[in-house]
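Chain residues, written in single-letter form:
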Amino acid sequence: AMNSGEGVFGFVGLFVASGFLELAWRESDDREPGNFGDPLGFNQYNADMRLKEISNGRMAMISMLAIFVAEVASGKDAMEQLGL
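Each value, and the rule that gives it
- Residues numbered from 1 in each chain as written.
- Predicted model: local features only at pLDDT ≥ 70, side-chain atom pairs only at ≥ 80, totals over all residues.
- Heavy atoms only, no water.
- Patch = residues over 30% accessible without salt bridge, like charges linked within 9 Å, V, L, I, M, F, W, Y side chains within 5 Å.
- Areas by Shrake-Rupley, 256 points an atom, 1.4 Å probe, with all protein chains shown as cover.
- Salt bridge = Lys/Arg side-chain N within 4 Å of Asp/Glu carboxyl O.
- Helix = DSSP H or I, 4+ residues; strand = E, 2+ residues; numbered from the N terminus.
- Buried < 20%, exposed > 50% of the residue type's maximum accessible area, 1.4 Å probe, protein only.

Q: Any chance you could explain a nonpolar patch on the surface here in plain terms?
A: Taken together, Met2, Val8, Phe11, Val12, Phe15 and Val16 make up a surface patch of nonpolar side chains, about 580 Å² in accessible area. Note that Met2 resides in the segment before α1 (5-24). Using a relative accessible area of 46% as the deciding quantity, one classes Met2 as partly exposed.

Shown next as structure tokens:
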């Protein structure tokens, strides 16, 4: 995909967008790591939502590990195991 003009254009666009986001939401020394506050003003940055986000991330990591183990054990990737 990087050998075509569209691929290079898409890569540059993603690179610029990620650079903008890195500069827009920076960590500061007065907050704990990962605490970006509530940048969109949804008023959802509380202990309950933080716990849900941590639990969601942990479940995603365990799920990916299970997919990798099943792939190694069966020799089929996740889509082949589902019959797709």
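Q: Got a minute to help me understand the pattern of salt bridges in this structure?
A: For the structure on display, the rule yields 1 salt bridge. The partner of Asp48 in a salt bridge is Lys52, with the nearest N and O atoms 3.5 Å apart. Pair noted here: Asp48 and Lys52 are both in helix α2 (residues 47-74), with a separation of 4 residues, about one helical turn. Note on Lys52: relative accessible area 48%, which makes it partly exposed.

Q: What is the right way to read unusual backbone geometry from this model?
A: With the exception of glycine, most residues fall at negative phi, and the peptide bonds are largely trans. At Asn43, a residue that is not glycine, the phi angle is positive and equals roughly 55°. Structurally, the position occupied by Asn43 is in the loop between α1 and α2.

Treat this as a map of the structure, not an account of what it does.
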